[in-house]
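Next come the chains, spelled out residue by residue.
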Amino acid sequence: MTAKNVVILAAGQGTRMKSKLTKVLHPICGRPIVAHVVDQVKQLAPQRIITIIGHDADKVKAVLGDQTEYAYQKEQLGTGHGVLQAESLLSACDGITLVANGDAPLFTARTFKHLFAYHQQQDAVATVLTATAPNPTGYGRIVRDLDGNVTKIVEQKDATQEEAAIDEVNTGVYCFNNKALFAALHKVTNNNAQGEYYLTDVIEILKREGAKIAAYRMHSFAESMNVNTRQALAEATRLMQARINAMHMDNGVTLIDPTNTYIDIDVKIGADTVIEPAVYLKGQTVIGEDCHIGSFSTITDSTLEDEVTVTSSTLENAIMRKHSNIGPNSHLRPKADIGEDVHIGNFCEIKNAQIGARTKVGHLSYVGDATLGTDVNVGCGTIFINYDGVKKNHADVGDHSFIGSDANIIAPVKIADHSFVAADTTVTEDVPYHAMAIGRARQTNKLDYWKKLPVADDPAWNE
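Since we're looking at a predicted model, the values are computed, not measured.

Cut-off values and rules
Residues numbered from 1 in each chain as written. Predicted model: local features only at pLDDT ≥ 70, side-chain atom pairs only at ≥ 80, totals over all residues. Heavy atoms only, no water. Buried < 20%, exposed > 50% of the residue type's maximum accessible area, 1.4 Å probe, protein only. Helix = DSSP H or I, 4+ residues; strand = E, 2+ residues; numbered from the N terminus. Arc of directions from axis to C-beta. Contact = heavy atoms within 4.5 Å. Polar contact = N/O pair within 3.5 Å; in protein donor to acceptor, adjacent residues only side chain to side chain. Pairing = 2+ DSSP bridges.

**Q** Explain helix H7 (residues 178-185) here, please?
**A** Residues separated by three or four positions in an α-helix point in the same direction, a consequence of the helix having 3.6 residues per turn. Where H7 is concerned, the buried positions are Asn178, Leu181, Phe182, Ala184 and Leu185. Considered in projection along H7, the buried side chains sweep an arc of 160 degrees and stay on one side of the axis. In the core, the buried residues of H7 are packed alongside helix H3 (79-84), helix H4 (87-90), strand S6 (96-101), strand S10 (168-177) and helix H8 (201-208). You can read the cap of H7 off the contacts: a side-chain oxygen lies 3.2 Å from the backbone nitrogen of lysine 179, and it is on asparagine 177.

Shown next as structure tokens:
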């Protein structure tokens with residue numbers, strides 16, 4: 001089997017992005033641009049992947065980790081110069097080297113596999129991946145002879161008027177015989193309008209030496225998009241999102257309005273789940289089957305088991321067990337664990353708390369740093385007061401307990417099974433089994449208080 005290697009060019013800053021962050025680290029659908037590229041080339045099972053880094057090198061390495069080896073391009077002197085930085089790692093290797101750009105997140109492993117296969121079928125020394133561009137401005141043009149053979153690739157600024165009219169363009173992806181590639185790179189000069197060492201010149205050098213040059217024309221021009229501007233970032237995101245959404249619909253998920261549904265690439269969703277418009281599913285979120293996610297919900301790095309309903313709410317690093325529901329307008333913060341058949345109503349906030357099965361937290365309540373048992377009722381406006389100014393404290397509420405409205409549970413405290421907390425009570429001590437805690441002032445009625453008011457004799461106030 002022919003050995004495969006991959007070189008990814010990711011050293012440039014991307015000045016047209018007008019950003020402090022190098023362009024290959026800008027996120028698209030939950031993953032940095034260059035990480036999309038690495039994910040696809042990994043599916044080729046290559047012997048080596050080498051990423052050429054420069055600007056923000058440490059940040060790129062932090063994102064990609066040990067998925068790839070690295071070569072450092074101190075000065076960005078062109079694509080040819082960039083590939084040459086991998087010479088010490090690859091020049092002695094046999095086989096085929098794929099060169100791809102780290103700012104082109106839409107290429108698929110399928111396209112790369114077709115390119116490799118075509119390169120081998122043609123017994124070529126170099127194969128260029130090309131596409132037909134609706135507007136080729138800015139792209140290198142593929143120049144062919146009368147028999148259709150590739151003779152050279154001409155960059156936009158170096159193209160004649162006749163060459164500029166060509167609509168077949170270079171996508172920036174190539175397959176090379178590995179040893180021929182590095183031998184030719186040493187013959188590349190920077191005698192061009194940009195004063196750079198173009199990788200494209202390798203094609204012309206190999207052609208002059210009698211090597212066979214092939215070109216594989218891909219079907220989708222959009223797949224070849226490079227992200228060099230914020231506009232291109234938005235368009236690449238739109239195309240990637242459409243691809244992700246189509247995959248989920250093919251797998252049995254209902255998206256009411258796919259053009260207004262935003263799902264990160266690593267999100268997993270079970271069949272027969274329904275997702276309404278204006279929903280954001282982010283990070284490593286996992287959603288089970290037969291769930292319903294209502295409009296204006298944002299779910300990040302959370303797990304929803306089967307038959308969960310989320311109505312216009314925000315979840316982050318949380319778990320919702322089977323048949324539970326939340327919302328509208330509630331918030332699960334990190335380490336919220338919502339048990340089976342639990343109801344979390346509107347305008348509630350749950351943080352670092354475990355809510356037992358069938359418990360109800362109706363509305364306008366805060367539950368933080370607490371463990372609630374099964375079949376607990378939490379009344380409206382209940383607050384678990386967990387912070388004493390120095391540290392967070394934990395509260396425990398037993399099974400089948402009843403907490404009345406407007407209660408304040410001041411941790412650390414334990415409320416036993418089958419106990420009661422009266423409405424408007426502030427709990428500062430443990431509540432025993434079967435007991436009822438009442439911690440409020442007794443009501444006093446002041447008779448004839450009205451007569452003491454300055455308006456008591458005003459007819460308008462006494463109608």
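The discussion continues.
**Q** Looking at this structure, how should I read the pairing of strand S8 (residues 141-144)?
**A** Consecutive side chains of a regular strand alternate in pointing toward one face of the sheet and then the other. Relative to strand S9 (residues 150-154), S8 is paired through four bridges, and the arrangement is antiparallel. Along S9, the bridge assignment pairs valine 143 with lysine 152. Here S8 folds back onto S9 in antiparallel fashion, the turn holding five residues, of which glycine 148 has a positive phi close to 90 degrees.

**Q** Help me out: how do you make sense of the pairing of strand S27 (residues 343-346) in this one?
**A** Pairing between strand S24 (residues 325-326) and S27: two bridges, direction parallel. Residue pairing in the sheet places isoleucine 326 in a bridge with isoleucine 344 of S27. Bridge count between S27 and strand S29 (residues 360-363): three bridges; the pairing is parallel. Bridging from a neighbouring strand, histidine 343 pairs with lysine 360 of S29.

**Q** Explain the sheet that holds strand S21 (residues 309-310) to me, please; I cannot follow it from the model alone.
**A** Sheets are built from strands that pair by backbone hydrogen bonding, the pairs being arranged parallel or antiparallel. If you trace the 11 strands from one edge of the open sheet to the other, you get S12-S15-S18-S21-S24-S27-S29-S31-S34-S37-S39, paired in parallel fashion. For this open sheet the edge positions go to strand S12 (254-255) and strand S39 (436-437), each flanked by a neighbour on one side alone. In this structure, strand S15 (residues 274-275) lies alongside strand S18 (residues 292-293), joined through two bridges in parallel fashion. Within S18, the residue paired with valine 274 across the bridge is histidine 292.

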